[in-house]
Amino acid sequence: MLARKKKVTLSDIADAVGVSRALVGKVLGGGNSNIRVSEETARMIREAAERLHYQPNLSARMLTGQSSHLIGILIDAQPPPVTFRTLAFIDKYAAENGYRLLIGEAHNSIDSLYHHYSNFMQYNVDGVICLAHDYPGQEEKLQELFRDAENIVFVEKPVLPGACCVEIDRAAAVEELTSLLLRTRKRVGIIMEDPSYHSIQQRKDGYCRAMEKAGMDQQWIHFLPDEQVSLEELMHRAITEFVLPEQLDALIAPNDLAASYLMRELLQRGFRIPEDIAVAGFDNEPFSGSLYPSLTTIDDNNEEIGKYAFDLLLEQLNEKRSVHHKHSICVTPRIVWRESI
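A brief look at the structure comes next.

Turning to the overall build of the protein, a few remarks are in order. Assigned secondary structure in the protein consists of twelve helices and twelve strands. Oriented by its inertia axes, the alpha-carbon framework of the protein measures out at about 75 × 45 × 45 Å. The buried share among the 341 residues of the protein stands at 45%. Put simply, 70% of the contacts in the protein that link residues at least 6 apart link residues at least 24 apart. Computed over 36 positive and 49 negative side-chain charges, the separation of the two mean positions in the protein equals 7 Å.

Residue Ile 273 is joined to Pro 274 through a cis peptide bond whose omega torsion reads 10°. When you line up the elements, Pro 274 lands in the loop between α11 (256-268) and β9 (278-280). Unlike most non-glycine residues, Gln 247 shows phi in positive territory, near 55°. Given a relative accessible area of 60%, Gln 247 falls into the exposed group. With a phi angle near 110°, Asp 283 is a residue other than glycine that sits in the positive phi range. Inspection of the secondary structure assignment puts Asp 283 in the loop between β9 and β10 (297-299).

Moving on, we get to the environment of Thr 240. Take Thr 240: it is sitting in helix α10 (residues 231-243). Apart from residues lying up to four places away in sequence, Thr 240 is in contact with Pro 245 and Arg 269.

Backbone hydrogen bonds are what pair the strands of a sheet, in a parallel or an antiparallel way. A sheet is described by the order of its strands in space; here six strands give the open sequence β2-β1-β3-β4-β5-β11, paired in parallel fashion. Each having just a single partner strand, β2 (100-106) and β11 (328-331) make up the two edges of the open sheet. For this sheet the average axis-to-axis angle between neighbouring strands, irrespective of direction, equals 20°. Taken together, the three bridges between strand β3 (residues 127-130) and strand β4 (residues 152-155) define a ladder with parallel strand orientation. Counterpart to Ile 129 in the pairing with β4 is Val 153. Its contacts with the sheet put helix α12 (residues 302-317) on β1 (70-76), β3, β4, β5 (165-168) and β11, and the angle it makes with β4 is roughly 160°.

What follows deals with the packing of aromatic side chains. Enumeration according to the criterion identifies five aromatic pairs in this entry. Taking the centre distance of 6.0 Å and the plane angle of 70° together, the rings of Tyr 99 and Phe 310 count as edge-to-face. Here Tyr 99, found in the loop between α5 (81-96) and β2, pairs with Phe 310, found in helix α12; they are 211 residues apart in sequence, far enough to count as distant. Taking the relative accessible area as the measure of exposure, Phe 310 reaches 1% and is therefore buried. Taking the centre distance of 5.4 Å and the plane angle of 90° together, the rings of Tyr 114 and Phe 146 count as edge-to-face.

Conventions adopted
- Residues numbered from 1 in each chain as written.
- Predicted model: local features only at pLDDT ≥ 70, side-chain atom pairs only at ≥ 80, totals over all residues.
- Heavy atoms only, no water.
- Helix = DSSP H or I, 4+ residues; strand = E, 2+ residues; numbered from the N terminus.
- Buried < 20%, exposed > 50% of the residue type's maximum accessible area, 1.4 Å probe, protein only.
- Contact = heavy atoms within 4.5 Å.
- Lys, Arg positive; Asp, Glu negative; His and termini not counted.
- Charge placed at Lys NZ, Arg CZ, Asp CG, Glu CD.
- Pairing = 2+ DSSP bridges.
- Axes fitted to C-alpha atoms, helices over the stretch in contact; angles between N-to-C directions.
- Phe/Tyr/Trp six-rings, centres within 6.5 Å; stacked < 30°, edge-to-face > 60°.

Nothing here speaks to function; it is geometry throughout.
Shown next, in the form of structure tokens:
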């Protein structure tokens, strides 16, 4: 019969480092805040805690009102793959600062997100980063439930006045890409999903601004139908019903996977890329550089988004509110130039 593994205590760490238990408690967030400790000693204590696999007693922290060093993450249960890259960078910066993440998943439901938020509060999380809230038709519900939420940062601007958020200016990136395509192309089209989503409306706004600035009287926009069919089939229909009839010579796809399906069928039909038609994607997925020709795409700058989201939350937690406090930071996606345009 296996012996039960002994739980590592503050005293164990103190013995390993040769300091007092109170000093260890100070460094690891469970002791007298008036005790002074050098950076070198604090480093040795943290290294010992990691080496001994120390697990803090969260229940005790909750009872004493101490920091849990937990951050709640609200995320959609069926997000675009690129969202997980943002989450990975949030986790990276959280870990570097001694925080761990709790995940709450919901799909297309503000009520469910708020249920997870309430659970986070029961676990005494220090703060929350919300990666999911752009649900068309649920704006009033978001305002009702999250109006008084504290220590929360939203990724994407929410419909909450004064909310702390990281904005993503996709309109600027799409406008830049469209404008550059128009220097050498005459009929630039764009394929998009449901425009009732804020992120999709941003793409439309950027495309339209570029076309208007170029003096184009006509705009070529194709919205994908809300049907339960494969993305490959949707791209086949887009080529048949949109790209070919409109005689497009440049095309911006809704994402990199869609762009790969478009390129594959266009090449099969005898089109040369980019000579006959330029193709660009969105999200800068890892495979986009391995396609032939390699795919030009728009990168959201996920590391910046994750870092700024964590920094804004940390600023709230440290109560560094002043006249210079930023309620929002704007990140502009970048164009990754490759062979497809």
